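A closer look at the structure
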Amino acid sequence: MVRYIAQRLGTAVLALLAVACLAVVLTRSAPGDPWLDVKHNSGQREAVLDARYGLDRPLPAQVGSYLWDLLHLDLGVSLKLRQGTAVNTLIAESFPVSARLGLFALGWAVLAGVPLGCLAACRRGRAFDKGFRAVCALGGCLPSFAVAALLLCALCGGILKVFPAAFDGSAKSYVLPCFALGLYPMCTLARQTRAAVLENLQTDFLRSARARGLSRRRLVFGHALRCALPPLLALLAPMLAFALCGSFVVEQVFSIPGLGSVLVRAVESRDYPVITGVTVFLAALVIGCNLAGDLLSRAADPRVRLGEEGQAHGGAL
Amino acid sequence: MAEPFDFTPVPPEGRGAAQTLRTAPDGPWRRLRRDKSARLALGLLAALFLFAFLGPLVVPYGYDAFLRGAENLPPLGFGAEEEALRAAGEFVFPHLLGTDRFGRDALARLMAGTRVSLCVALAAGALVLTVGTTYGAVSGWRGGKTDLVLQRVAEVVASVPEVLVILLASTALGDLFQSFAQAHPESELARALLRVGPNLCAMLLTFAGLYWVSLSRVVRGEVLRLKETEYVTAARALGASGRRIVLRHLLPNCAGQIAVTVCLQIPTAIFLESFLSFLGVGVTAPMTSLGALIQEALGALYTYPYRLIFPTAVLGLLILSFQVLGDRLRDALDPRTAI
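Treat the numbers as computed from the prediction; the structure is a model and nothing was measured. (Residues numbered from 1 in each chain as written. Chains lettered and ligands numbered in written order. Predicted model: local features only at pLDDT ≥ 70, side-chain atom pairs only at ≥ 80, totals over all residues. Heavy atoms only, no water.)

**Considering the overall build of chain A**
Rules: Helix numbering and strand numbering both begin at the N terminus, where a helix is a DSSP run of H or I of at least 4 residues and a strand a DSSP run of E of at least 2. Using the Shrake-Rupley algorithm and a 1.4 Å probe, accessible areas are obtained, with residue cover drawn only from the displayed protein chains.
Counting secondary structure elements, chain A contains 12 helices and 2 strands. For chain A, the exposed surface amounts to about 15500 Å²; the carbon and sulfur share of it is 64%.

**Overview of empty space enclosed by the protein**
Residue and element names in this part refer to chain A. Just so we agree on the cut-off: Of the grid points, spaced at 1 Å and generated over the protein atoms alone, those admitting a 1.4 Å probe that cannot get out make up cavities, while open sets with protein on both sides within 12 Å along at least five of seven lines make up pockets; any residue with an atom within 4 Å of a point is treated as lining. Grid points are joined across faces, edges and corners, and a volume is the space filled by probe spheres set on the points. Think of it as three bins: nonpolar holds Ala, Val, Leu, Ile, Met, Phe, Trp, Tyr, Cys and Pro, charged holds Asp, Glu, Lys and Arg, and polar takes everything else, Gly as well.
Taken as a whole, this structure holds 1 cavity of 30 Å³ or more when the rule is applied. Its boundaries defined by the atoms lining it, the largest cavity holds a volume of some 40 Å³. What lines the largest cavity is simply Phe163, Pro164, Phe167, Ser173, Leu176, Pro177 and Phe254. Broken down by element, the lining of the largest cavity gets its largest block of residues, 3 residues, from helix 7 (residues 171-201). In terms of residue class, the lining of the largest cavity is made up of 6 nonpolar, 1 polar and no charged.

**Notes on the environment of A:Pro273**
Residue and element names in this part refer to chain A. Keep this limit in mind: Summary of the burial criterion: residues with accessible area below 20% of their type's maximum are buried, those above 50% are exposed, and those between are partly exposed, where the area comes from a 1.4 Å probe applied to protein chains only. Should any heavy atoms of two residues lie within 4.5 Å, those residues are counted as being in contact.
Tracing the sequence through the fold places Pro273 in helix 11 (residues 272-300). When its relative accessible area of 13% is taken as the criterion, Pro273 is described as buried. For the pair Pro273 and Leu16, spaced 257 residues apart in the sequence, the C-alpha separation amounts to 17 Å. Look past the residues within four positions of Pro273 in its chain and what remains in contact with it is Leu75, Val77, Leu79 and Val87.

**A few points about the environment of A:Leu152**
Topologically, A:Leu152 is positioned in helix 6 (residues 144-155). Take A:Leu152: its relative accessible area is 8%, and that puts it in the buried class. Considering only alpha carbons, one finds A:Leu152 and A:Pro177, 25 residues apart in sequence, at a separation of 9.2 Å. With residues up to four places along the chain from it excluded, the contact list for A:Leu152 reads A:Gly157, A:Ala165, A:Val253, A:Phe254, B:Leu298, B:Leu301 and B:Tyr302.

**Observations regarding the pattern of salt bridges**
Here the idea is simple: oppositely charged side chains can pair when their charged atoms come close. Residue and element names in this part refer to chain B. Short version of the rule: In what follows, salt bridge is the name for a side-chain nitrogen of Lys or Arg lying within 4 Å of a carboxyl oxygen of Asp or Glu.
For the structure shown, the criterion picks out 12 salt bridges over all chains. Between Arg104 and Asp100 there is a salt bridge, and its shortest N-O distance comes to 2.9 Å. The salt bridge partner of Asp331 is Arg328, with a shortest N-O separation of 3.2 Å. With Asp331 and Arg328 both in helix 15 (residues 306-333) and 3 residues apart, the pair spans about one turn of that helix.

**So, the packing of helix 1 (residues 2-28) of chain A against helix 6 (residues 144-159) of chain B**
Defined as follows: Axis lines are fitted to C-alpha atoms, over the contacting stretch for helices. Their N-to-C directions set the angle, which ranges from 0 to 180 degrees. For classification purposes, angles smaller than 35 degrees are called roughly parallel, those larger than 145 roughly antiparallel, those between 65 and 115 roughly perpendicular, and all remaining angles oblique. Definitions for this section: a left-handed crossing has its near helix turned counterclockwise from the far helix by less than a right angle. A right-handed crossing has that turn clockwise.
Put simply, helix 1 of chain A and helix 6 of chain B touch, their axes get as near as 8 Å, and they point 60 degrees apart. When the axis of helix 1 of chain A is compared with that of helix 6 of chain B, the two are oblique. Judged by the sense of rotation from one axis to the other, the crossing of helix 1 of chain A with helix 6 of chain B is right-handed. Counted together, A:Gln7, A:Arg8, A:Thr11, A:Leu14 and A:Ala15 of helix 1 of chain A and B:Arg152, B:Glu155, B:Val156 and B:Ser159 of helix 6 of chain B form the full contact between these two elements. In the contact of helix 1 of chain A with helix 6 of chain B, the residues fall into 3 nonpolar, 3 polar and 3 charged.

**Notes on the interface of chain A and chain B**
Worth spelling out the cut-off: A simple way to read buried area is as the amount of 1.4 Å-probe accessible surface that goes missing from two parts once joined, with both sides added. Throughout this description, a polar contact denotes any pair of N or O atoms lying within 3.5 Å of each other; where both atoms belong to protein, one of them has to be capable of donating a hydrogen while the other can accept it, and for residues adjacent in sequence the pair is counted only when both atoms sit in side chains.
With 51 residues of chain A in contact, the opposing surface of chain B contributes 40 residues. Between chain A and chain B, a total of about 3900 Å² is buried, with carbon and sulfur atoms accounting for 77% of that surface. Counting every contact that joins chain A to chain B gives 0 salt bridges. Viewed at the interface, chain B and chain A are joined by 3 residue pairs in polar contact (both at pLDDT 80 or more). Mapped by element, the contributors of at least two residues to the side of chain A that touches chain B are helix 1, helix 5 (127-139), helix 6, strand 1 (156-157), helix 7, helix 9 (216-254), helix 10 (259-269) and helix 11 of chain A. The biggest single contributor to the side of chain A that touches chain B is helix 1 of chain A, with 10 residues.

**Quick notes on the packing of aromatic side chains**
Heads up, the condition is: Think of it this way: a Phe, Tyr or Trp ring, Trp meaning its six-membered ring, pairs with another when their centres are within 6.5 Å, and the plane angle makes it stacked under 30 degrees, edge-to-face over 60, tilted otherwise. Any Lys NZ or Arg CZ found within 6 Å of a ring centre and within 35 degrees of that ring's normal is scored as a charge over the ring.
Applying the stated rule across the entire model yields 10 aromatic pairs over all chains. Centre to centre, the rings of A:Trp108 and A:Phe179 are 5.1 Å apart; their planes meet at 10 degrees, and the pair counts as stacked. Here A:Trp108 is found in helix 4 (residues 87-122), whereas its partner A:Phe179 is found in helix 7, with 71 residues between them in sequence. Judged by its relative accessible area of 34%, A:Phe179 is partly exposed. Ring geometry for B:Tyr304 versus B:Tyr306: centroids 6.1 Å apart, planes at 70 degrees, classification edge-to-face. Residue class for B:Tyr304 comes out partly exposed when judged on its relative accessible area of 23%. Judged by its relative accessible area of 16%, B:Tyr306 falls in the buried class. The ring of A:Tyr4 carries the charged tip of A:Arg298 above its face, separated from the ring centre by 3.7 Å. We note B:Arg86 situated over the ring of B:Phe78; from NZ or CZ to the ring centre the distance is 4.1 Å.

As structure tokens, then:
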């Protein structure tokens with residue numbers, strides 16, 4: 001287990017380094033004048049600006065200094081979005097909103113998806129199961145921005161004005177964005193839960209537990225679901241990554257001032273330090289979540305956890 | 001009563017009704033053909049293909065033709081000039097889905113958008129297929145140190161978040177394409193590149209560079225499993241080269257698994273492309289795509305809600321049919337996993 005953790009950690013660090021290098025190389029080596037729409041008077045000013053931001057050095061030197069700054073958690077300074085503000089400040093201002101959005105969305109996906117999946121597995125073949133599979137198929141086929149746009153159209157204006165159309169930080173304004181963001185994860189999670197629980201319900205150990213007289217609830221939740229947890233945990237991490245990236249578009253639809261909208265505006269205005277900084281931050285988050293999810297799912301599966309230790313001790317188990 | 005080990009075949013006339021056993025021929029493709037939802041999904045896909053590629057033969061309007069006087073028409077509406085023509089007795093093809101704020105026919109734009117989404121999805125699928133199959137086959141066939149190194153690289157590649165790389169790449173490629181076009185103004189390649197756009201190229205490059213990992217793992221698993229079979233040993237003994245064995249024997253035997261993985265990867269490509277087009281970093285005007293159409297519809301959401309509903313419906317149907325097809329294909333290949 002320890003070896004596996006070390007190996008995965010190494011892969012994660014390498015991936016983050018790869019993203020950081022790619023970010024610097026792609027943005028710094030792109031031809032084109034980064035100072036084109038920044039006000040300056042003469043060619044001399046360009047040289048001064050280049051020297052100040054280190055853009056006149058050779059590419060490897062730029063990559064090296066960026067990585068060194070990264071080690072000190074310094075992501076640079078914004079050039080166009082808000083001149084002079086540190087990228088760290090921009091992230092600190094906008095990330096909490098995105099984080100809340102993503103967490104609430106995933107929360108409702110888990111709270112709704114897992115129980116519904118279990119229920120559908122128990123009622124396999126009946127009306128509930130059929131309706132469940134239809135809902136999951138429909139919910140999983142539309143991107144989050146399409147769902148968000150449909151909800152906006154149906155519930156925020158025109159005839160039914162149930163929810164506020166523009167985001168204002170209130171609890172009510174979180175409902176629709178979180179629903180739209182969490183629908184796809186919920187459908188995927190529910191489908192996977194149903195498949196895993198169904199597989200466990202057909203095993204011998206569950207049949208013998210039932211023969212011994214365990215209550216239905218203990219059978220399903222205590223045994224079938226418990227054994228289905230490892231693959232579900234492994235699924236949660238990509239879901240979080242998905243929620244983070246999906247939030248870009250949902251923020252656009254509902255005009256939420258989150259990290260996604262900062263990144264999109266930076267891409268539109270070619271503010272390279274912000275683009276690289278936010279990309280590296282999000283990449284670190286996504287890679288970290290994937291790593292955590294992978295390790296958690298392995299730790300939750302005793303066959304994996306104990307199997308490796310057993311092998312390490314000469315297979316005595 | 002026949003002898004115990006009598007292997008002479010019984011002539012057909014000699015068989016009694018009870019001895020004749022007729023079982024329906026079975027196999028993955030037959031199981032797929034019998035499946036109702038798979039047939040429905042295939043039919044839907046065929047209909048969408050026809051709609052996207054043959055529809056323009058029916059609808060006379062171009063997808064980027066600005067029609068003055070016909071702006072913001074409702075479905076089945078006619079503009080001022082068209083009304084005059086109709087009053088004069090001429091047949092004017094109706095705007096079945098209305099027009100947008102520049103007078104462009106919505107149905108023609110929907111067809112164009114579906115075309116782009118389909119082409120991007122299939123191109124991405126083809127790229128993933130090529131890169132993933134080659135990588136997985138080489139890794140599985142060579143084994144040993146090569147396999148170890150290749151799998152570590154694949155793990156690192158799989159950990160990189162794709163959307164962010166696409167955003168980065170499209171920023172860089174945009175400037176690159178512009179400077180290339182300026183340096184070679186008469187080059188066909190430069191014109192073609194500018195038309196496709198840096199964003200789509202960035203997306204396709206990222207697909208080729210990052211999305212192949214799951215397919216390569218599937219192929220590697222299958223190659224490792226089939227490497228130990230007798231026919232491979234026989235082929236090796238007969239002197240067949242590794243390349244011949246892999247291409248001629250192993251890969252055709254994994255065709256089913258490869259088809260399932262690619263089929264389930266295509267909806268991801270469609271999702272990604274529509275997501276990027278919605279953000280404005282996808283297709284470049286005048287090309288349009290389903291995501292871009294949805295983004296345009298957001299501007300006039302409460303006055304013209306139908307502009308949102310049609311592209312959303314087409315997008316949903318497209319993704320749904322690929323997903324259902326992939327699921328049914330997977331179930332047909334291994335009925336034990338069908339739940």
